Amino acid sequence: FFFSPLVPQSHTTTMAARRQNDCEGQSSDPYDANSASPDTYHVLPKESPEEYDAVTGAIEKMKPAFSKIGFGGVVGYCSGIAAKKVGKAIAVLAGIAFIALQSAVYSGYIDVDWKKVEEDVVKKIDTDGDGKITGEDAINYWKKVKAMLTDKVPSAGGFSLGFLYGVSSN
């Protein structure tokens, strides 16, 4: 163990001694209802350990949420994860293409009119015709994507929330 010259020897204890002091009077059995402290409750149910596992416990805690999620939320979540992965792949490919193109421009092999490229891209992407890429354009694209992905899907009410959760998850 580490002993610092700044900490007197009387203030250092072993981890085992700390654990023993912290747990004095407590039962080590998570199924024991006769614990020393009346405030102490055990997370594990009193069923046998064979009937209970961590997944069952998590599902029990999430039952109210599961009833509200529905099919739309689940497919929304899966679609969000897929969109995130595909979006990252497209971003990587676009970045590689730009680096290659700009390297050729810098080396003098080709000449690119970036102003013209920008105008053409904005013209293609701009949905509201204001000549700029704005939040309104993103909303219009989202509405189109959502309409396509939820067409004829039963109980698609939670799709947007599931999609947002899927896109934002790690």
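Here we summarise the structure given alongside this text. (Residues numbered from 1 in each chain as written. Predicted model: local features only at pLDDT ≥ 70, side-chain atom pairs only at ≥ 80, totals over all residues. Heavy atoms only, no water.)

**Some thoughts on the packing of aromatic side chains**
In this structure the tally under the stated criterion is five aromatic pairs. Both rings, one in phenylalanine 98 and one in tryptophan 114, keep their centres 5.3 Å apart while their planes meet at 55°; by these two values the pair is tilted. Highlighted residues: phenylalanine 98 in helix H2 (residues 54–107) and tryptophan 114 in helix H3 (residues 114–125), separated in sequence by 16 residues. Overall, phenylalanine 98 belongs to the partly exposed group, its relative accessible area being 44%. Taking 6.4 Å as the distance between ring centres and 15° as the angle between the ring planes, the aromatic pair formed by tryptophan 142 and phenylalanine 159 counts as stacked. With tryptophan 142 in helix H4 (residues 135–150) and phenylalanine 159 in helix H5 (residues 159–168), this residue pair connects regions lying 17 residues apart in the sequence. Using a relative accessible area of 27% as the deciding quantity, one classes tryptophan 142 as partly exposed. Connected via pairs of aromatic rings, a cluster forms that spans Trp142, Phe159 and Phe163. (Phe/Tyr/Trp six-rings, centres within 6.5 Å; stacked < 30°, edge-to-face > 60°. Helix = DSSP H or I, 4+ residues; strand = E, 2+ residues; numbered from the N terminus. Buried < 20%, exposed > 50% of the residue type's maximum accessible area, 1.4 Å probe, protein only.)

**Thoughts on the packing of H4 against H5**
Relative placement of two packed helices is described by the angle separating their axes and the distance separating the axes. Axis separation between H4 and H5 bottoms out at 11 Å; the angle between their running directions is 110°. Classified by the interaxial angle, the pair formed by H4 and H5 is roughly perpendicular. Read as a crossing pair, H4 and H5 show a hand that is right-handed. The residues of H5 that touch H4, namely those facing Trp142, Lys146, Leu149 and Thr150, are Phe159, Ser160 and Phe163. Considering only residue class, the contact of H4 with H5 consists of four nonpolar, two polar and one charged. (Axes fitted to C-alpha atoms, helices over the stretch in contact; angles between N-to-C directions. Parallel < 35°, antiparallel > 145°, perpendicular 65-115°, else oblique. Left-handed = near helix turned anticlockwise from the far one by under 90°. Contact = heavy atoms within 4.5 Å. Nonpolar A, V, L, I, M, F, W, Y, C, P; charged D, E, K, R; others polar.)

**Observations regarding a nonpolar patch on the surface**
Together, Phe98, Ile99, Leu101, Tyr109, Ile110, Trp114, Val117, Val121, Ile125, Ile133 and Tyr141 give the surface a local cluster of nonpolar side chains, amounting to about 990 Å² of exposed area. For the nonpolar patch, the secondary structure elements donating two or more residues are H2 and H3. Sorting elements by how many residues they give to the nonpolar patch places H3 first, with four residues. (Patch = residues over 30% accessible without salt bridge, like charges linked within 9 Å, V, L, I, M, F, W, Y side chains within 5 Å. Areas by Shrake-Rupley, 256 points an atom, 1.4 Å probe, with all protein chains shown as cover. Salt bridge = Lys/Arg side-chain N within 4 Å of Asp/Glu carboxyl O.)

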